[in-house]
Amino acid sequence: MAKRQLNIATDLSHFGEERADFAGAVVPPIFQNSLFTYESWDDISNAFDDRTNSFIYSRGNNPTVKIAQEKIARLAGGERALLFASGMAAITAAVMHCMQKDGHVIAVKNLYGPANNLLFNYLRKKMDLSVTFVPGRAVTDFEEAIRPNTQLIYLESPSSGVFSLQDLKAVATLAKKHGIKTLIDNSWATPIFQKPLALGIDLEVHSCSKYIGGHSDIVAGVVIGDTASLDSIFRNEYEWLGGRIAPMDAWLITRSLRTLPLRMKAHQKNAIAVASFLQNHPAVAQVNYPGLPSFDQYELGRQQMTGYSGLLSFRLRTTDLEQVKKFFNNLEVFKIGVSWGGHESLIYALAISYIKEMTPEQFAQTGLAYGDMRISVGLEHVEDLIADLEQGFTALL
Ligand SMILES: *Cc1c(COP(=O)(O)O)cnc(C)c1O
């Protein structure tokens, strides 16, 4: 009889865990060891012949890490996943895998800041890469930017700052036609709500510090894709740059993955309620959230995603910085902090960093406003989140 394919929530509970090897423990042990010993010359020699799959040294493979990697690969529909010490370590490894010296990369304009810096301020100068940033809302943005030496198209959809979308299937088709690799940062939607590999994207990266970790207790990253690409990343960037994840953190990811489908549904439910509340509030000028029918790329989002996470932004009507600060400081349930995707609701304002570096005139030219707020809607009760925002707004009266 053909084996029935299990649902992903079931696989996240059990897949990849050889429990009979560990006394039936329902939670796997943490292999907190740097190396693995062998019985003989031939045994260790054979392990080296299959080094991408063997347990030799924990800068390469480790059994605790492998469990989390197998679950993530299964979840994203990839053949192999590699976990890294941070999202940036994963992004660096994936980009270095795709690029050769003197190559050209096309990236979306509103890329996560440190990834933008990696490409534009670091690799461009170190490796003589050229980089073109495009808005990415139209496939022609990418098509027009292609050069003979273009090696990579770097996507982030929805982008984590302004939430603009790229048509993943169309961009993947275009890239394949030109022999260009595609990479997406899928941290916002997670593989629960978006499966880029099935749409033809080559590599998917995540900051596992966000939803995949989900408890604000780890910094980690992952690259997911086909076996040939991931084996090459393993033999090169993984082992040589050495940015591997610690077994303890991988173990926490296995813990987190068991609840990922539940958590994402809860983030979505809370975020839709909060976004709708904000949209109807007189103190708010605009809400940017792909889950609202008023979002300008709502239809594209519906075509390529099956749900929405909890990170969104909105613009206060007031342009007075002192008023903005009053609202911001008045919140109690929403904590002030960077990052997102954890159990806790957070607020951050882009102006906090920008006004240090720019004159008010330069800031105005970015198209941002002092009242641009980014919130990560957590798993608290939605009534408390809305009441907290409401009492924040009373500071503006
Ligand atoms: C946080 C973040 C990253 C970087 O991840 P780290 O785990 O902090 O290194 C990459 N992409 C996006 C969209 C992020 O928000």
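Only a predicted model underlies this, so the values are computations on that prediction, with no experimental measurement involved.

Caption draft 1: Fine view of the overall build of the protein chain. A tally of helices and strands in the protein chain yields 16 helices and 12 strands. A buried classification covers 52% of the 397 residues belonging to the protein chain. Considering only contacts within the protein chain whose residues lie at least 6 apart along the sequence, 73% involve residues at least 24 apart. Element-wise, carbon and sulfur atoms account for 54% of the exposed surface of the protein chain, whose accessible area totals about 18000 Å². Averaging the positions of the 37 positive and the 41 negative side-chain charges in the protein chain gives two centres separated by 2 Å.

Caption draft 2: Structural view of the packing of helix α11 (residues 260-279) against helix α16 (residues 382-394). Relative orientation of the contacting elements α11 and α16 amounts to 25°, with a least axis distance of 10 Å. Between α11 and α16, the crossing angle belongs to the class labelled roughly parallel. α16 is crossed by α11, and the crossing has right-handed handedness. Listed contacts from α16 to N270, A273, V274, F277 and L278 of α11 are V382, L385, I386, L389, E390 and F393. Its residues placed into classes, the contact of α11 with α16 shows nine nonpolar, one polar and one charged.

Caption draft 3: Structural context of the site of the ligand. Contacts to the ligand come from 14 residues, most closely from G87, M88, D185, S209 and K210. Here W340 contributes a side-chain N or O atom positioned 3.2 Å from an oxygen atom of the ligand. Calculation on the ligand without its partners gives an accessible area of 380 Å², and the protein chains cover 91% of this total. If one sorts the elements of the shell around the ligand by residue count, helix α4 (residues 87-98) sits on top with three residues.

Caption draft 4: Spatial organisation of the nonpolar core. I253, L278, F314 and F393 are the most contacted members of the largest nonpolar core, which totals 109 residues. The biggest single contributor to this core is α11, with seven residues. Among the domains, domain 1 (8-257) and domain 2 (260-394) are the pair contributing at least three residues each to this core. In this structure, F393 is in contact with F277, L278, H281, A283, V284, F314, L316 and F327, ignoring residues within four places of it in sequence.

Caption draft 5: Looking closely at the state of the cysteines. Going through the model one piece at a time under the given rule, you end up with zero disulfides. With no disulfide of its own, C98 lies closest to C208 among cysteine sulfurs, the gap being 18 Å. Judged by its relative accessible area of 6%, C98 is buried. On the basis of relative accessibility, which here comes to 0%, the residue C208 falls in the buried class.

Caption draft 6: The sheet that holds strand β11 (residues 346-349), seen in detail. Taken in spatial order, the five strands make up an open sheet running β8-β9-β12-β11-β10, and their pairing is mixed. Each edge of the open sheet carries a strand with a single partner, namely β8 (284-288) and β10 (335-336). As paired strands, β11 and strand β12 (residues 372-376) are joined by four bridges and run antiparallel to one another. Looking at β12, one finds that Y348 is bridged to R374. Relative to β11, helix α13 (residues 321-330) is tilted by about 160°, and along the sheet it contacts β9 (311-316), β10, β11 and β12.

Here is what the cut-offs are and how they apply
Residues numbered from 1 in each chain as written. Predicted model: local features only at pLDDT ≥ 70, side-chain atom pairs only at ≥ 80, totals over all residues. Heavy atoms only, no water. Helix = DSSP H or I, 4+ residues; strand = E, 2+ residues; numbered from the N terminus. Buried < 20%, exposed > 50% of the residue type's maximum accessible area, 1.4 Å probe, protein only. Contact = heavy atoms within 4.5 Å. Areas by Shrake-Rupley, 256 points an atom, 1.4 Å probe, with all protein chains shown as cover. Lys, Arg positive; Asp, Glu negative; His and termini not counted. Charge placed at Lys NZ, Arg CZ, Asp CG, Glu CD. Axes fitted to C-alpha atoms, helices over the stretch in contact; angles between N-to-C directions. Parallel < 35°, antiparallel > 145°, perpendicular 65-115°, else oblique. Left-handed = near helix turned anticlockwise from the far one by under 90°. Nonpolar A, V, L, I, M, F, W, Y, C, P; charged D, E, K, R; others polar. Near = heavy atom within 4 Å. Polar contact = N/O pair within 3.5 Å; in protein donor to acceptor, adjacent residues only side chain to side chain. Core = buried A, V, L, I, M, F, W, Y, C linked by side-chain atoms within 4.5 Å. Domains from an automatic or database assignment. Disulfide = S-S within 2.5 Å. Pairing = 2+ DSSP bridges.

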